[in-house]
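Report on the structure
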Amino acid sequence: MAGNGLPRPPGRGTRVGILSLQGDFSAHARVLEALGADPVFVRRPEQLDLVEGLIIPGGESTTMLKLVTEEGLLDPLVAFAARHPLLGTCAGSILMAADVTSPRQPGLGLVDISIERNAYGRQVDSAIRSVSPGDDFLARTGPGELEAVFIRAPIIRSVGKGVRVLAEDRGHPILVEQGRHLAATFHPELSPDRRVHQLFLQKIRA
Ligand code: GLN
């Protein structure tokens, strides 16, 4: 509770990095600000020292991986992830994965998932669907269906033993958790529903 008796905004005073080399990083900043957190655009390794968690946004994962490598961010990101939570959305979830197909590319191995890129096919570039999250997600964030915005989205084809599936769509996991990390194949930053970011902030504060 804040001093005025109102519930404290979940993100208040929390500095959250957003990897901002490419993709829809500014949409994440608006959500974090709405939740009372302080977004920090991360483009260089030393900026990771300023933040308590990091969002890897959607975009184009091959380009993002190339830029991450060129900027010398690859090892610093993995080291950061050993101590702090990461949230990857769409291309971000591809970067975090252990196994990436279609086409194959290296993943950072932060979440034990096998993920297939652009897996819904060219005919269905994007879609917005209402999904029923699992009880665990609802208990931690509040009730209600979740709006999932898919844009040239990947599909998680398999998950390792340590991975918890928080939401599924059409039989595929679309939001997963492993330890301190979260990965979503959709774009929660493009929906008015803020529960995925709220959960991420809870994990940073925990
Ligand atoms: N199709 C993109 C990729 O494979 C991801 C799309 C997105 O982030 N919206 O990297």
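Above: the structure in question.
Conventions and cut-offs
- Residues numbered from 1 in each chain as written.
- Predicted model: local features only at pLDDT ≥ 70, side-chain atom pairs only at ≥ 80, totals over all residues.
- Heavy atoms only, no water.
- Helix = DSSP H or I, 4+ residues; strand = E, 2+ residues; numbered from the N terminus.
- Rg over C-alpha atoms; globule rule 2.2 N^0.38 Å.
- Buried < 20%, exposed > 50% of the residue type's maximum accessible area, 1.4 Å probe, protein only.
- Contact = heavy atoms within 4.5 Å.
- Areas by Shrake-Rupley, 256 points an atom, 1.4 Å probe, with all protein chains shown as cover.
- Lys, Arg positive; Asp, Glu negative; His and termini not counted.
- Charge placed at Lys NZ, Arg CZ, Asp CG, Glu CD.
- Phe/Tyr/Trp six-rings, centres within 6.5 Å; stacked < 30°, edge-to-face > 60°.
- Core = buried A, V, L, I, M, F, W, Y, C linked by side-chain atoms within 4.5 Å.
- 1 Å grid on protein atoms, 1.4 Å probe; cavity = no way out; pocket = protein on both sides within 12 Å on 5 of 7 lines; lining within 4 Å.
- Points joined across faces, edges and corners; volume = space filled by probe spheres on them.
- Nonpolar A, V, L, I, M, F, W, Y, C, P; charged D, E, K, R; others polar.
- Pairing = 2+ DSSP bridges.
- Axes fitted to C-alpha atoms, helices over the stretch in contact; angles between N-to-C directions.

1. Observations regarding the overall build of the chain
Secondary structure summary: the chain contains six helices and 12 strands in total. Taken over C-alpha atoms, the radius of gyration comes to 16 Å for the chain, in line with the 17 Å a tight globule of 206 residues would show. Across its three principal directions, the C-alpha atoms of the chain cover 55 × 40 × 30 Å. Burial analysis of the chain (206 residues in total) assigns 50% to the buried set. Taking contacts inside the chain between residues at least 6 apart in sequence as the whole, the part at least 24 apart equals 65%. Element-wise, carbon and sulfur atoms account for 50% of the exposed surface of the chain, whose accessible area totals about 9,200 Å². Charged side chains in the chain number 23 positive and 23 negative. The centres of these two groups are separated by 2 Å.

2. Some words on the packing of aromatic side chains
In the structure shown here, the tally under the stated rule is three aromatic pairs. Between Tyr120 and Phe150 the ring centres are 5.6 Å apart and the planes differ by 50°, which places this aromatic pair in the tilted class. Of this pair, Tyr120 sits in the loop between strand S6 (111–116) and strand S7 (126–131) while Phe150 sits in strand S8 (residues 146–151), and the two are 30 residues apart along the sequence. Just as Tyr120 is buried, Phe150 falls in that class too. Following the ring pairs from residue to residue traces out a cluster consisting of Tyr120, Phe150 and Phe186.

3. Some details on the nonpolar core
Most often, soluble globular proteins keep nonpolar side chains buried together rather than apart. One finds Val16, Leu175 and Phe186 to be the most contacted residues of the largest nonpolar core, which totals 31 residues. For this core, the secondary-structure elements that each account for two or more residues are strand S1 (15–19), helix H1 (25–34), S8, strand S10 (164–169), strand S11 (172–178), strand S12 (181–184) and helix H6 (195–205). With five residues, H6 is the largest single contributor of residues to this core. For Leu175, the residues in contact, after removing those within four places along its chain, are Phe137, Arg164, Val165, Leu166, Ala167, Ala183, Ala184, Phe186 and Val196. Grouped together as the second largest cluster of nonpolar side chains are 29 residues, Val40, Met64, Ile113 and Ile156 included.

4. Regarding the environment of Val131
Turning to its location among the elements, Val131 is positioned in strand S7. Those residues in contact with Val131, other than ones at most four positions away along the chain, are Glu145, Leu146, Ala148, Glu168, Asp169 and Ile174.

5. Considering the layout of surface pockets
Rolled over the atoms, a probe as big as a water molecule pinpoints where empty space is left. Size it by volume and the largest pocket reaches roughly 160 Å³. Residue lining of the largest pocket: Gly59, Glu60, Ser61, Cys90, Ala91, Ile94, Arg117, Asn118, Ile151, Arg152 and His187, and that is the complete set. For the lining of the largest pocket, a count of residues per class yields four nonpolar, four polar and three charged.

6. As for the sheet that holds strand S4 (residues 86–89)
Across the sheet, seven strands lie side by side as S2-S1-S3-S4-S12-S11-S10; this open sheet has mixed pairing. Looking at the sheet topology across the chains shown, the edges are occupied by strand S2 (38–42) and S10. For this sheet, the mean inter-axis angle between neighbouring strands, taken without regard to orientation, is 20°. Pairing analysis gives three bridges linking strand S3 (residues 53–56) to S4, with the strands arranged parallel. Each residue of the ladder has a partner; that of Ile56, found in S4, is Gly88. With respect to the sheet, helix H3 (residues 74–81) is in contact with S3, S4 and S12, its orientation differing from that of S3 by roughly 125°.

7. Remarks on unusual backbone geometry
Along the chain, Ser102 connects to Pro103 via a cis peptide bond; the corresponding omega equals -10°. Among the structural elements, Pro103 can be located in the loop between strand S5 (97–101) and S6. One non-glycine residue, Asn118, lies in positive phi territory at about 45°. Looking at the secondary structure, you find Asn118 in the loop between S6 and S7. By relative accessible area, which is 33% here, Asn118 ends up partly exposed.

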